[in-house]
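# Descriptive structure summary
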2 protein chains.
Amino acid sequence: MLKRYLPILTWLPHYNRRLGGADLLAGIIVTIMVIPQSLAYALLAGLPAVVGLYASILPLVAYTLLGTSRTLAVGPVAIIALMTGAALGGVAAPGSPEYLQAALVLSLLSGGMLTLMGLLRMGFFTNFLSHPVIAGFLTASGILIAASQAGHLLGIESNGYTVVALVMSLVAHLDEIHWPTLAIGAGSLLFLVGVRRRGKATLMRVGLSPSLAALLARAGPVLAVVVTTLVAWHFGLAERGVAVVGDIPRGLPPLTVPIFDAALWQRLLMPTLLISLVGFVESVSMGQMLAAKRRQRISPNQELVGLGGANLAAAFSGGMPVTGGLSRTVINFDAGAQTPMAGLFAAVGIGIVTFALTPLLHHLPIATLAATITVAILTLVDIPMVRQTWRYSRSDFSAMAATILLTLVEGVEAGIIVGVVLSIGLFLYRTSRPHSALVGRIPGTEHFRNIERHDTETASHVALLRIDESLYFANARYLEDTVYALVASRPELEHVVLICSAVNLIDASALESLDAINARLKDSGVTLHLAEVKGPVMDRLKNSDFLDDITGRVFLSTFSAWSELNRRQ
Amino acid sequence: MLKRYLPILTWLPHYNRRLGGADLLAGIIVTIMVIPQSLAYALLAGLPAVVGLYASILPLVAYTLLGTSRTLAVGPVAIIALMTGAALGGVAAPGSPEYLQAALVLSLLSGGMLTLMGLLRMGFFTNFLSHPVIAGFLTASGILIAASQAGHLLGIESNGYTVVALVMSLVAHLDEIHWPTLAIGAGSLLFLVGVRRRGKATLMRVGLSPSLAALLARAGPVLAVVVTTLVAWHFGLAERGVAVVGDIPRGLPPLTVPIFDAALWQRLLMPTLLISLVGFVESVSMGQMLAAKRRQRISPNQELVGLGGANLAAAFSGGMPVTGGLSRTVINFDAGAQTPMAGLFAAVGIGIVTFALTPLLHHLPIATLAATITVAILTLVDIPMVRQTWRYSRSDFSAMAATILLTLVEGVEAGIIVGVVLSIGLFLYRTSRPHSALVGRIPGTEHFRNIERHDTETASHVALLRIDESLYFANARYLEDTVYALVASRPELEHVVLICSAVNLIDASALESLDAINARLKDSGVTLHLAEVKGPVMDRLKNSDFLDDITGRVFLSTFSAWSELNRRQ
């Protein structure tokens, strides 16, 4: 029981020196690798860079205690940072103390919501984010984040949370391009793209093992950060107008207490829900994928608690909303992390940096961070997936397209809400006009298929109608129309058999419709039968009067209905 | 084409003296019968009584031209009046000119929305109001309306749009009971209940034919109105403090133009949607039921246009939102109406009353109208339906109970919104955790059923898993879990056959899950097969790479999968 809520108890008793060594190495690598992205994502959210470091310390400790994934690395991530910025921009001015306060409140609410959902075992909620909607959302967010970084790369100001606003703002300031900044930004960008495309192959060609080559290739951003920081420091670029990270307060994360302000909390509630859900989906997909690789399991509901704890820790230590990050998790996994202890080591590492080494980051150009974000984020843009979805299903594609379009022109919240509502709406619409087919016997078998697709035996006085959907309120009336139209078109009909092999549910509305159909057919001298009614559906029908009222019978199989009704003839 | 949009053209050419005679008689009877309820429902909506008369003239003409039901009678109805009052109470003070103006705007918006939905063929929207939600809503509204009339019956003031507010307001003024009003109210109430319970039987006992007796029994409210008006006039009850209808302006309906006020329109948008949908559902259910009795058909989409036209007519002639009414339609039908021409005759009749005879209504006590409403409305309260739903399905019952509860304590809008959202949510939740069953062969047949419910043949190296639900985003992950758990629990397994007889859809998310299952089973040395994939689902799979990647085969029937996989052994 205790183990369920404190998963650390499942692995800590078996912890040994071998695991410790592997985790320590992974922790050190993660520390070095994630510092640039932690700073960058804090800036992306409109927060001081140091907030990204604070959010990479205590939240990791909380996740180590509570999380079920062995390799997930928690911290600020791009999408959540973007959504955080959009949410906070609606309630306070970037740079103001209220903005910082709101970030803490957002972490607190998000932590509370995730924890509560976990304790109530509501992980299934995320099932309603369909894959096309998530893929569309990530693609559009990738474009949006890249657009938001363009200003930093060009050294001009640009603001906004939609592509339209960003592009307009960029165009308006296009005459103010700051060339030294652009040089740093474009140089870093080209270097990072090069390393990502050919880094591993090149390193392997000079004799490194594939795994070491892969790890070093991932260190591209670290190298870019070190080199451009040295360049900026050596040439005094900050004095020439190149934006740098600047002074970062040295010291451990402060103890912060999010303020209680009912109006603020209420305005942040909807963004909180979306940030929590999106963060959870990103994290849990990542966790499941990696757990499967090592044949481990994660528990989605306990993951909610783990991420909830991490966000609560962020709220009380000057942080920002966090989740399991794509790139930092891959780094952790590739660096050989064995248990969540690696996260604890990384937390200690980042703590040391924050405590003592922040002056080294003073001259780090913002443009370098922007290049890091841009290269990392463009992997989210998944055009093949868009094409594939178009080919497979126009309905899924339309939900995806709406998500992409709205995310780009209206912002992340509108995009994801419309995507979810549309995908649910389309599903309901589809089920409200169910496919049905008249079936006939495939000669010589007991198998019955659609008379329009297969050569079948039929009889003019018997209609075998297969209903390809659960019967519920949204399609109850449609069913009535279908049956009445069938009976009207075939005057010689004596028996209608509804084949219920695909009917997984008959709700109270559909039951009323069946009653109505039964009564109407009786008036026309047609007998209504059912066939292949499943156990759970039959159990429920027994609780109603329908089985007493039905004019015909309930057959176990279509074949027995067919034999019986043909024999009677 | 023209006939589709002007259904009058389908019956007017065949109109003859016999039909005309029947319609004229029905028109006269309806005129007399509906005057009290038209006045009463206007008062229920917080509007002057005459508005109810205006809303019973031009809207009837519009519906005669545009509607497809031969017998539906349009006008102010109780539920819509209640919802109108709740909506207007939110934007203006009852009795103020703004309140009257808002009523016109509500009619205009409702008319526009219904017409638009009709032209866009969106009648299917109402399918999402499930029967239990509608029944629950009507039951709670009946109670709510009865509570709202209690003040009029007792001669004390009471206000509010929730049962809680009404009861508190009644209790606060209980010491002000006006005894003469109570005498009129209680007397009318007892008389009306008596007539409704035993009127027809008594009249038949004195020798009247059943149909005439039924019609006369329905005239109870008219008799109550005539008698109490005479009593009030004779004893000068108005001077003694009994509320009466008072002066009603004489004359034809005025030409009114609803104002355009963006803020007001926006605030009325949601109420408009609900009023339109509820009104349409009430009207179309009534219309379909009566059409079925005479083997006629109505077209739901054209009905939207017809009701839309009626509401637009109300907006421009000083009226209020209207729809096809339960009681007035039954009166019309029983009185022998043959075509919508009966509605035209009723419109002329009510027009004559409004033009010349309103002084006769001066002394009509409000308490009599309240008694009329109360008796009429309590037929909406359907307790057996509540019990029946409880017995049949806890899930449908919970949507119904939430609708009833919220309608009573939070008002009509909250009630219906929560009912709809909950019934959709419960359906999605159910489909997100689909039933599945391992099936085996029923010996000697080609039929396969659940191994836990039937005696079946099985094979240890083959698992036949029947999935009882369409596969879509909400249950894609659940499917993965089910299959992985199955494989993990049976190490000797070599083949998994997913039987898709109940799978009516595989969306893009589920396709990804199938891909993942296929890959994961391949790693474990298990072959994945499909069986009984339906035509439309198969067509779609052919547009993906899945059929190339699947390790096993797609079998036409479960039996062929079974024979083939057992033979190979």
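Residues numbered from 1 in each chain as written. Chains lettered and ligands numbered in written order. Predicted model: local features only at pLDDT ≥ 70, side-chain atom pairs only at ≥ 80, totals over all residues. Heavy atoms only, no water.

This part covers the overall build of chain A. Helix and strand counts for chain A come out as 25 helices and eight strands. Projected onto its principal axes, the C-alpha positions of chain A cover 100 × 60 × 60 Å. Relative to its full complement of 569 residues, chain A shows a buried share of 57%. One finds the centroid of the 39 positive side-chain charges in chain A at a distance of 13 Å from the centroid of its 35 negative side-chain charges. (Helix = DSSP H or I, 4+ residues; strand = E, 2+ residues; numbered from the N terminus. Buried < 20%, exposed > 50% of the residue type's maximum accessible area, 1.4 Å probe, protein only. Lys, Arg positive; Asp, Glu negative; His and termini not counted. Charge placed at Lys NZ, Arg CZ, Asp CG, Glu CD.)

Now for a nonpolar patch on the surface. Taken together, the side chains of A:L2, A:L6, A:L9 and A:L65 present a nonpolar region at the surface, about 310 Å² in accessible area. Topologically, A:L9 is positioned in helix α2 (residues 8-11). (Patch = residues over 30% accessible without salt bridge, like charges linked within 9 Å, V, L, I, M, F, W, Y side chains within 5 Å. Areas by Shrake-Rupley, 256 points an atom, 1.4 Å probe, with all protein chains shown as cover. Salt bridge = Lys/Arg side-chain N within 4 Å of Asp/Glu carboxyl O.)

Turning next to unusual backbone geometry. Residue and element names in this part refer to chain A. Positive phi is not limited to glycine here, since R121 has a value of about 55 degrees. With respect to the secondary-structure elements, R121 resides in the loop between α7 (97-119) and α8 (131-154). The class for R121 is partly exposed, based on a relative accessible area of 38%.

All names here are of chain B. At R198, helix α10 (residues 179-205) shows its maximal bend, which comes to roughly 60 degrees. Every buried residue belonging to α10 is among T181, I184, G185, S188, L192, V195 and G199, and all of these are buried. Its buried side turned inward, α10 meets α8 (131-154), α11 (210-218), α12 (220-234) and α17 (366-377). Directly beyond the C-terminal end of α10, a positive phi value near 105 degrees is found at G207. (Bend = angle between axes of the 7 residues up to and from the residue. Contact = heavy atoms within 4.5 Å.)

Right, let's get into the pairing of strand β6 (residues 495-499) of chain A. Residues and elements named next belong to chain A. Taken across its five residues, β6 has five buried, putting it largely inside the fold. Burial of the side chains of β6 extends over both faces: H495, V497 and I499 are buried on one face and V496 and L498 on the other. Where strand β5 (residues 462-467) meets β6, five bridges bridge the pair, whose relative direction is parallel. If you follow L464 over to β6, its bridge partner there is V497. (Pairing = 2+ DSSP bridges.)

You can see A:I383 is positioned in helix α18 (residues 383-392). Between the C-alpha atom of A:I383 and that of A:G194, which follows or precedes it by 189 residues, the distance is 21 Å.

Turning our eyes to something else, we now look at helix α22 (residues 508-523) of chain B. All names here are of chain B. Relative to the 22 Å expected for 16 residues at 1.5 Å per residue, α22 spans 23 Å between its end C-alpha atoms, a close match to the ideal helical length. Buried residues of α22: A508, S509, A510, L511, S513, L514, I517, N518 and L521, and no others. The distance from a side-chain oxygen at the start of α22 to the backbone nitrogen of S509 is 3.1 Å, and the residue carrying that oxygen is D507. (Expected span 1.5 Å × (residues − 1). Polar contact = N/O pair within 3.5 Å; in protein donor to acceptor, adjacent residues only side chain to side chain.)

Glancing now at the confidence of the model for chain A. With 99% of its residues at a pLDDT of 70 or more, chain A shows a mean pLDDT of 88. Here the predicted complex scores 0.78 on pTM and 0.77 on ipTM. (pLDDT = per-residue confidence, 0-100.)

One finds A:L428, A:Y472, B:L39, B:M83, B:M320 and B:L428 to be the most contacted residues of the largest nonpolar core, which totals 117 residues. In terms of residue count, the dominant contributor to this core is helix α13 (residues 262-293) of chain B (12 residues). In contact with A:L428, other than residues within four places in its own chain, are A:Y472, B:F128, B:I424, B:F427 and B:L428. A:L47, A:L129, A:I373 and A:V412 belong to the second largest nonpolar core, which has 100 residues in total. (Core = buried A, V, L, I, M, F, W, Y, C linked by side-chain atoms within 4.5 Å.)

All right, on to the environment of A:T372 then. All names here are of chain A. Inspection of the secondary structure assignment puts T372 in helix α17 (residues 366-377). Sequence separation of T372 and L498 is 126 residues, and the distance between their C-alpha atoms is 61 Å. The residues contacting T372, other than those within four sequence positions of it, are L192 and P221.

What follows deals with the interface of chain A and chain B. Facing the 68 residues of chain A at the interface are 66 residues of chain B. For the pair chain A and chain B, the two sides together bury roughly 6200 Å², of which 56% comes from carbon and sulfur. On the surface where chain A and chain B come into contact, there are six salt bridges. Salt-bridge contacts for A:D545 lead to B:R391; the nearest nitrogen and oxygen are separated by 3.6 Å. Those elements giving two or more residues to the side of chain A that touches chain B turn out to be α8, α13 (262-293), α18, α20 (412-432), α21 (473-489), α22 (508-523) and α23 (535-541) of chain A. Per-element tally for the side of chain A that touches chain B: the top contributor is α20(A), with eight residues. (Buried area = accessible area lost by both parts, 1.4 Å probe.)

Expressed as a screw operation, the relation of chain A to chain B combines 0.0 Å of axial shift with a rotation of 180 degrees, fitting to an RMSD of 0.1 Å. Overall, the copies show the geometry of a two-fold rotation axis. Considering only C-alpha atoms, the part of chain A nearest the rotation axis is A:A502, at 1.8 Å. When the interface residues of chain A are mapped onto chain B, 97% of them are again interface residues, pointing to one common binding face. (Least-squares fit on C-alpha atoms with pLDDT ≥ 70 in both.)

Attention now goes to the pairing of strand β5 (residues 462-467) of chain B. Residues and elements named next belong to chain B. When you tally the buried positions in β5, you get six out of six residues, the bulk of the element. Judged by which residues are buried, β5 turns out to be covered on both faces: V462, L464 and R466 on one side and A463, L465 and I467 on the other are all buried. Taken together, the three bridges between strand β3 (residues 436-441) and β5 define a ladder with antiparallel strand orientation. In the strand pairing of β5, S436 is matched with I467. The β-α-β motif built from β5, the intervening helix α21 (residues 473-489) and the parallel element strand β6 (residues 495-499) has right-handed crossover chirality. (Right-handed = clockwise from strand over helix to strand, strands pointing away.)

What follows concerns the packing of aromatic side chains. Per the counting criterion, the structure on display carries 13 aromatic pairs over all chains. Ring centres of B:Y472 and B:F473 lie 5.0 Å apart, and the angle between their planes is 75 degrees; this geometry places the pair in the edge-to-face category. Members of the aromatic cluster, each reached through a chain of ring pairs, are A:F427, A:Y472, A:F473, B:F427, B:Y472 and B:F473. If you follow B:R520 out to its NZ or CZ, it ends over the ring of B:Y484, 3.8 Å from the centre. (Phe/Tyr/Trp six-rings, centres within 6.5 Å; stacked < 30°, edge-to-face > 60°. Lys NZ or Arg CZ within 6 Å of the ring centre and 35° of its normal.)

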